[in-house]
Amino acid sequence: MADQTKVLKKEYTNWLRRKKKANGQPYSEGTVMQYVSALSTSPAKLSNIELETTNVFEIVDVIQYGNMRKAMEQAENFDLVNERTGNKAFQYSLVYFEDFLREKLGFENASSQENEQLNTAKGDLIMNSSKNHMLDKNTILYGPPGTGKTYHTVLYAISIIEGKPLNAILQEEKANGYSRINERFEAYKANGQVVFTTFHQSYGYEEFIEGIKPRIVSEELTDSEIGEVAYEIVPGVFKSFCEAAEKPIVQPSNDYGIRKEPTIWKVSLGGSKENQVKRDCFNNNRIRIGWDNYGEILTEDTDFSQHGGKMILSRFMNEMRHGDIVLVLYDEETVDAIGVVTGDYEWLEDMQDYKRSREVNWLVKDIRENILELNDNTVMTLGSVYRLNRITLSDVLDILQRQQSSHVDSVIQKNNKNYVFIMDEINRGNISKIFGELITLIEPSKRKGLPEEIMVKLPYSQEYFGVPSNVYLLATMNTADRSIARLDTALRRRFSFAEMMPNPDCLDSIEINAEVLDLPKMLDSMNRRIEVLYDREHTVGHAYFFDLYKEPTLEKLGRIFEHTIIPLLQEYFYDNYEKIRLVLSDNNKPESEQFIVMSEVNLNELFGSIGDFDLDDTYTYTINRAALSQIETYRKIYDYNSSK
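This one's a predicted model, so the numbers in the text were calculated from it and none came from an experiment.

Novice: So what's going on with the sheet that holds strand β14 (residues 419-424)? Residues and values would help.
Specialist: With parallel pairing, five strands are arranged side by side in an open sheet as β2-β14-β17-β1-β18. One side of each edge strand has no neighbouring strand; the edge strands of this open sheet are β2 (194-198) and β18 (496-499). Taken over all neighbouring pairs, the strand axes of this sheet differ in orientation by 20° on average, direction set aside. Both strand β1 (residues 138-143) and strand β17 (residues 471-478) contribute to a ladder of six bridges, which runs parallel. Residue pairing in the sheet places threonine 139 in a bridge with leucine 474 of β17. Contacts from helix α7 (residues 149-162) reach β1, β2, β14, β17 and β18, with the element oriented near 165° to β17. Across the sheet, helix α11 (residues 237-245) lies against β2, β14 and β17, angled at about 165° from β14, the strand it touches most.

Novice: Any details on the packing of aromatic side chains? Residues and values, ideally.
Specialist: Per the counting criterion, the structure on display carries 33 aromatic pairs. With a centroid separation of 5.9 Å and 75° between ring planes, the pair formed by tyrosine 142 and phenylalanine 497 is classed as edge-to-face. Taken together, the positions of tyrosine 142 in strand β1 and phenylalanine 497 in strand β18 put the pair 355 residues apart, joining distant regions of the chain. Assessed through its relative accessible area of 15%, tyrosine 142 is described here as buried. Among the aromatic residues, those joined into a cluster by ring pairs are Phe199, Tyr203, Phe208, Phe238, Phe241, Tyr419, Phe421, Phe435 and Phe465.

Novice: Quick one: what's the story with the nonpolar core, residue by residue and with numbers?
Specialist: Counting residues in each nonpolar core, the largest one holds 34 residues, and the members touching the most others are Phe545, Phe561, Leu569, Leu584, Phe595 and Tyr634. Those elements giving two or more residues to this core turn out to be β19 (510-512), α17 (519-533), α18 (554-572), α19 (577-583) and α21 (631-635). Setting aside chain neighbours within four positions, we find phenylalanine 595 in contact with Phe561, Ile566, Leu584, Asp586, Lys589, Thr622, Ile623, Asn624, Leu628, Thr633, Tyr634 and Ile637. Within the second largest apolar cluster, 33 residues are counted, among which are Tyr205, Phe435, Leu438 and Phe465.

Novice: Lay out the environment of asparagine 641 in plain terms, naming residues and giving numbers.
Specialist: Looking at where asparagine 641 falls in the secondary structure, it is placed in the segment after α21. Here asparagine 641 falls in the exposed class, since its relative accessible area comes to 66%. Linking asparagine 641 and lysine 589, residues 52 residues apart in sequence, is a C-alpha distance of 8.9 Å.

Novice: How would you summarise the layout of surface pockets if you had to cite specific residues and measurements?
Specialist: Here the second largest pocket defines a volume of roughly 800 Å³. Lining of the second largest pocket is provided by 27 residues; of these, His152, Leu170, Glu173, Asn503 and Cys506 occupy positions nearest its centre. Going through the elements one at a time, α7, α8 (166-176) and β18 are the ones with two or more residues in the lining of the second largest pocket. Looking at the lining of the second largest pocket residue by residue, the classes come out as twelve nonpolar, ten polar and five charged.

Novice: Describe a nonpolar patch on the surface, with residues and values.
Specialist: Together, Ile212, Ile216, Val229, Tyr231, Ile233 and Tyr460 give the surface a local cluster of nonpolar side chains, amounting to about 600 Å² of exposed area. Per element, the largest residue contribution to the nonpolar patch is three residues, and it comes from strand β4 (residues 229-235).

Novice: Which residues make up unusual backbone geometry, and what are the values?
Specialist: Backbone geometry at aspartate 366 places phi at a positive 60°, although glycine is not the residue there. For aspartate 366, a relative accessible area of 44% puts it in the partly exposed group. The backbone of alanine 514 shows a phi angle near 65°, a positive value even though the residue is not glycine. Topologically, alanine 514 is positioned in the loop between β19 and β20 (515-517). For alanine 514, a relative accessible area of 66% corresponds to the exposed category.

The rules behind these values
- Residues numbered from 1 in each chain as written.
- Predicted model: local features only at pLDDT ≥ 70, side-chain atom pairs only at ≥ 80, totals over all residues.
- Heavy atoms only, no water.
- Pairing = 2+ DSSP bridges.
- Helix = DSSP H or I, 4+ residues; strand = E, 2+ residues; numbered from the N terminus.
- Axes fitted to C-alpha atoms, helices over the stretch in contact; angles between N-to-C directions.
- Contact = heavy atoms within 4.5 Å.
- Phe/Tyr/Trp six-rings, centres within 6.5 Å; stacked < 30°, edge-to-face > 60°.
- Buried < 20%, exposed > 50% of the residue type's maximum accessible area, 1.4 Å probe, protein only.
- Core = buried A, V, L, I, M, F, W, Y, C linked by side-chain atoms within 4.5 Å.
- 1 Å grid on protein atoms, 1.4 Å probe; cavity = no way out; pocket = protein on both sides within 12 Å on 5 of 7 lines; lining within 4 Å.
- Points joined across faces, edges and corners; volume = space filled by probe spheres on them.
- Nonpolar A, V, L, I, M, F, W, Y, C, P; charged D, E, K, R; others polar.
- Patch = residues over 30% accessible without salt bridge, like charges linked within 9 Å, V, L, I, M, F, W, Y side chains within 5 Å.
- Areas by Shrake-Rupley, 256 points an atom, 1.4 Å probe, with all protein chains shown as cover.
- Salt bridge = Lys/Arg side-chain N within 4 Å of Asp/Glu carboxyl O.

In structure tokens, the structure reads:
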């Protein structure tokens with residue numbers, strides 16, 4: 001039996017490798033292994049159900065498996081187990097394994113009764129099977145210039161964020177137009193679910209992950225002399241994006257007053273441990289600090305030179321906002337209460353000391369929670385008020401859940417939204433320089449929360465960093481700049497690739513000056529010649545001609561060729577004008593209709609007597625701008641026997 005299950009598992013793995021996604025591309029190796037791992041380990045984690053076996057690969061009967069799968073989906077913790085596999089890998093793999101068994105056992109010829117049983121067993125998930133065609137976590141759209149790679153990143157991003165199959169988005173675009181989809185894309189971008197960046201030769205780790213940046217010291221931030229240059233660790237665009245993707249979602253207008261992106265403050269109430277001031281605060285839903293000798297109101301004339309406290313008072317009175325969260329110090333490693341700021345600064349005249357106060361809503365109190373590790377092994381000081389920049393809202397949520405403060409679950413919820421990070425022109429960047437040691441973290445199986453999770457300690461901030469499982473990486477690559485074969489090997493292993501080649505079917509014939517020009521045929525003819533003279537990675541994209549439909553004139557077509565197509569061919573062929581002429585079929589046209597006119601140089605006229613010096617026949621090449629305004633010039637690219 002053990003040998004049989006190993007064989008079936010291997011066959012299923014290979015079947016997944018051959019399986020195509022909705023866009024026609026195979027699944028990446030990381031996704032395949034994620035599906036296999038989820039199917040191998042997840043059944044044993046399901047609770048309150050009875051299964052014949054938790055080893056799915058022992059089942060070879062399709063109907064038996066269908067019933068078993070239906071039972072697993074009824075488990076009370078199915079959603080939790082499924083979520084922890086990442087990207088619903090368990091749910092999808094359950095469906096795919098049934099498809100695999102049907103194909104393996106030839107159930108396409110099964111009786112109608114058997115098929116009816118199978119369809120019933122498949123349940124609602126199969127009825128909505130289009131939802132299963134999810135895109136890989138890391139995808140590169142690659143192809144020659146002008147094939148719509150950047151354009152398609154919008155469609156891919158919408159598919160990922162909205163959990164819809166790519167084919168459905170493509171059909172929506174065809175039916176309703178691109179603008180409506182782009183509006184949703186811009187809304188997600190404004191909401192922070194999409195970030196777009198372009199790689200270039202100077203792009204580096206400091207811009208992408210984190211770096212040390214200079215700043216001019218200002219009075220409110222430090223005790224240093226104003227105008228001095230200081231240095232601070234600044235998160236890069238990708239690190240900031242990942243942090244945003246795992247931030248818990250705070251429900252608006254919640255009963256606890258927590259704002260959307262609260263600052264986390266450490267507050268000392270009358271010092272450490274148990275004391276009278278702290279007990280008063282716990283009993284009366286407030287926090288209190290001192291420096292009473294300065295009086296209720298502070299002004300520019302207030303002298304802080306003897307007793308200090310300027311920054312602490314500024315934080316407490318001016319910077320702390322409604323909806324911020326406070327952690328109360330018990331000792332240098334431990335907090336004993338968590339609350340939400342709900343009131344403005346006020347002065348408690350009736351109090352003997354610690355008269356500065358703010359109202360809070362205590363979420364938990366009289367606890368003992370060690371936050372040393374969360375605070376990057378940095379102990380807390382007795383300073384009355386300061387920001388806990390290393391501690392996130394996610395950390396606070398974890399503490400509250402450990403303290404069985406379940407009432408906040410309806411207010412602070414785990415972020416299950418999908419986020420898309422778009423890297424345009426990825427091949428123009430130095431991948432080793434940009435990703436550094438983090439290249440491993442983007443693998444689907446190494447994401448945070450998964451069994452093979454990897455966290456790396458960053459060199460500057462010394463923080464531990466990982467990539468959340470709800471972050472998708474989407475990149476574009478121009479094959480005219482660099483072939484996939486020459487792409488960084490580490491990057492290639494971690495991305496799946498979707499080829500985007502010129503598609504003449506995206507174009508229609510167009511009427512210019514009452515004459516028809518077959519644009520699809522023209523583009524196809526040029527590209528077939530380029531493939532013979534160079535290769536398929538340096539063809540011409542269909543997108544270059546889209547603007548012609550808005551302005552169907554010879555002048556517009558001439559500008560496209562003069563300023564886009566011909567310069568592109570010059571770049572491809574390194575100014576080998578003979579090959580450019582072949583691509584444009586100039587060798588089959590009269591001189592008046594040639595894009596590039598070839599003229600032989602009269603060496604004797606140019607140099608006079610050159611004696612024994614041997615010069616080959618020499619030609620010069622000139623762009624014939626007069627030909628750009630003739631329809632036959634373009635028609636004869638694909639039909640050189642054409643005549644008016």
